[in-house]
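# A structural walkthrough
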Amino acid sequence: MDFEGIYCFDTATVRFAVYPDGPDGARVLAQISQDVLHDALGAQEIGEHTLHACKRHFDVISAAAVARFRADPHGPIVLACGDFGQLNRW
């Protein structure tokens, strides 16, 4: 899946799209903060460079976003450290 995301300076988050039912299905928006990227995935990038961390870890991030969507299709998808379980990338 291609990465579609933007860095939001005012919230220090990356907003990105996932397609839970494949590329021909619905587009779902989600977000992850640079703090979660650092704490859960060990990313060192800050600011706009946070997009690079999202691209590098997108397989794990998109899986977490799809799982959150499947658990609550009507709620916002704001990823937290708990969405990554015991994953430790350091």
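Keep in mind that what you see is a predicted model, and the values were worked out from it rather than measured. (Residues numbered from 1 in each chain as written. Predicted model: local features only at pLDDT ≥ 70, side-chain atom pairs only at ≥ 80, totals over all residues. Heavy atoms only, no water.)

### Observations concerning the pairing of strand β3 (residues 28-33)
Operational definition: Pairing between strands is defined by DSSP: at least two bridges between the two strands are required. Helix and strand definitions here come from DSSP, where helices need a minimum of 4 consecutive H or I residues and strands a minimum of 2 consecutive E residues; each element is numbered from the N-terminal end.
Taken together, the six bridges between strand β2 (residues 13-18) and β3 define a ladder with antiparallel strand orientation. Its bridge partner being in β3, A17 is matched across the sheet by L29. Sheet topology places β3 next to strand β4 (residues 78-79); two bridges connect them, and they run parallel. Residue pairing for β4: Q31 is matched across the bridge by V78.

### Concerning helix α1 (residues 34-41)
Heads up, the condition is: Relative accessibility thresholds used throughout: buried, under 20% of the residue-type maximum; exposed, over 50%; partly exposed, between the two (1.4 Å probe, protein chains only). Read the arc as the range of directions from the helix axis to the C-beta atoms. The criterion used for residue contact is that any of the two residues' heavy atoms lie within 4.5 Å.
Among the residues of α1, Q34, V36, L37, A40 and L41 are the ones counted as buried. End-on, the buried residues of α1 take up no more than an arc of 160°, which puts them together on one face. Residues of α1 that are buried make contact with β1 (5-8), β3, α2 (50-56), α3 (58-71) and β4.

### Brief notes about the state of the cysteines
A disulfide bridge is the covalent bond that connects two cysteines by way of their sulfur atoms. Here is the rule: In plain terms, two cysteine sulfur atoms within 2.5 Å form what is called a disulfide here.
Enumeration according to the criterion identifies zero disulfides in this entry. Not part of a disulfide, C54 finds its nearest cysteine sulfur in C8, a span of 11 Å. Look at C54 and you get buried, because its relative accessible area is 0%.

### Section: the sheet that holds β3
Hydrogen bonds along the backbone pair up the strands of a sheet, which may run parallel or antiparallel. Stated formally: To obtain an axis, a line is fitted to C-alpha atoms, over the contacting stretch when the element is a helix, and the angle between two such axes runs from 0 to 180 degrees between their N-to-C directions.
Pairing within the open sheet is mixed, and its four strands lie in the order β1-β2-β3-β4. Strands with a single pairing partner mark the edges of an open sheet, and in this sheet they are β1 and β4. Contacting β2, β3 and β4, α3 crosses the sheet at an angle of about 70° to β2.

### Looking at the environment of L29
With respect to the helices, strands and loops of the structure, L29 is situated in strand β3. Residues L29 and V18 lie 11 residues apart in sequence; the distance between their C-alpha atoms is 6.5 Å. When residues no more than four places from it in sequence are discounted, the contact partners of L29 are F16, A17 and I77.

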